[in-house]
Structures are given as structure tokens and as C-alpha cells.
Amino acid sequence: MKKAETKGVKIHLPVDFVCGDKFANDATIKLAEAQNGIEKGFMGLDVGEKTRVNNSEVIKKAGTIVWNGPQGVFEMSNFAAGSMAILKDVTEATARGVLTIAGGGDTVALV
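As a starting point, this report considers the structure included with it. (Residues numbered from 1 in each chain as written. Predicted model: local features only at pLDDT ≥ 70, side-chain atom pairs only at ≥ 80, totals over all residues. Heavy atoms only, no water.)

1. Things to note about the pattern of salt bridges
Counted under the stated rule, the structure contains 6 salt bridges. We note a salt bridge from Glu 33 to Lys 50, for which the minimum N-O separation is 3.1 Å. Residue Glu 33 is found in strand S2 (residues 29-33), and its partner Lys 50 is found in helix H2 (residues 49-61); the two are separated by 17 residues along the sequence. Exposure remark for Glu 33: the relative accessible area of 26% places this residue in the partly exposed category. Taking relative accessible area as the criterion, Lys 50 reaches 44% and is therefore assigned partly exposed. Taking the shortest distance from any N to any O, the salt bridge between Arg 52 and Glu 49 comes out at 2.7 Å. Taken together, the positions of Arg 52 and Glu 49, both in helix H2 and 3 residues apart, correspond to about one turn of that helix. Looking at Arg 52, the relative accessible area reads 18%, which means it is buried. Take Glu 49: its relative accessible area is 47%, and that puts it in the partly exposed class. (Salt bridge = Lys/Arg side-chain N within 4 Å of Asp/Glu carboxyl O. Helix = DSSP H or I, 4+ residues; strand = E, 2+ residues; numbered from the N terminus. Buried < 20%, exposed > 50% of the residue type's maximum accessible area, 1.4 Å probe, protein only.)

2. As for the layout of surface pockets
Here the largest pocket defines a volume of roughly 470 Å³. Around the largest pocket sit 21 residues that line it, and His 12, Asn 55, Val 58, Ile 59 and Val 66 are the ones nearest its centre. Sorting the residues of the lining of the largest pocket by element identifies H2, strand S4 (64-68) and helix H3 (81-95) as the ones contributing at least two each. Per-element accounting of the lining of the largest pocket gives the leading share, 5 residues, to S4. Classifying every residue of the lining of the largest pocket gives 13 nonpolar, 7 polar and 1 charged. (1 Å grid on protein atoms, 1.4 Å probe; cavity = no way out; pocket = protein on both sides within 12 Å on 5 of 7 lines; lining within 4 Å. Points joined across faces, edges and corners; volume = space filled by probe spheres on them. Nonpolar A, V, L, I, M, F, W, Y, C, P; charged D, E, K, R; others polar.)

3. A word on a nonpolar patch on the surface
A surface patch of nonpolar side chains, about 400 Å² in accessible area, is lined by Met 1, Val 9, Ile 11 and Leu 13. As for its position among the elements, Val 9 is in the loop between helix H1 (2-6) and strand S1 (16-20). (Patch = residues over 30% accessible without salt bridge, like charges linked within 9 Å, V, L, I, M, F, W, Y side chains within 5 Å. Areas by Shrake-Rupley, 256 points an atom, 1.4 Å probe, with all protein chains shown as cover.)

4. Examining the nonpolar core
One broad rule of soluble globular proteins: the nonpolar side chains tend to lie buried together. Within the largest apolar cluster, 11 residues are counted, these being Ile 59, Ile 65, Trp 67, Phe 74, Ala 80, Ile 86, Leu 87, Val 90, Ala 93, Val 98 and Leu 110. When residues in this core are grouped by element, the largest group, 4 residues, is from H3. Those residues in contact with Leu 110 that sit more than four places away from it in its chain are Trp 67, Pro 70, Phe 74, Ser 83, Met 84 and Leu 87. (Core = buried A, V, L, I, M, F, W, Y, C linked by side-chain atoms within 4.5 Å. Contact = heavy atoms within 4.5 Å.)

5. Things to note about the environment of Val 108
Topologically, Val 108 is positioned in helix H4 (residues 105-110). Between the alpha carbons of Val 108 and Gln 35 there is a distance of 31 Å; along the sequence they are 73 residues apart. Excluding residues that lie within four positions of it along the chain, Val 108 makes contacts with Ala 102 and Gly 103.

As C-alpha cells, this is what we get:
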């Protein structure tokens, strides 16, 4: 992170999360903010709405996109919103002529 900062590179990290108390679609769901952390007994299984909006703004400005990894557990509908939002935004950017590279098994499975 420090190296990126010294080079003027902005790293975009999640600011909020959709959390579950187990790795299952029927998990009890809670929302969490990065600044407060994720409650004990829960795990982050998707990015939250604020992160989805932030990611969308970054993608809209991009000239090249290298996408490696879904935002959440897209195979479970309760934790797929972040990945589906990225998919929509990247698809729209690609249609506008943005060079897009999607890699990694989970990303390719989503696409």
C-alpha cells in the first residue's frame, strides 16, 4: 500500500460488507462498515452498497480494466449483488470500447 501511495496509485478497497454467520445462502445477514470491522461470528461474503457505488464510479472512468476476482460469493443469491454490479459495469464499459481483461477461474465462471 505504501509503494502504491508513493507512486500516486490509488488502491480502491471495500468500505462496507454484507456479512453472514455461515457460508450459506440462508445465513443470518448483517451489514458492516470497514471502519467498524465485522462482528465476531460473522464473515464478509459480499461488498456493500457504498462499495458497489464506489466501484461503479471507478469503472466508469477507466480506460483499461483488469478484473481478477468476484466481489462476493456470487453463487449464493444473497451474496451476489457486488459481483453482479461489477459484471454489469464492466460489460457496459467494454461495450463503450474500454479494453477489458477478465482472468481467474471464478471471474470467468461469473462472466
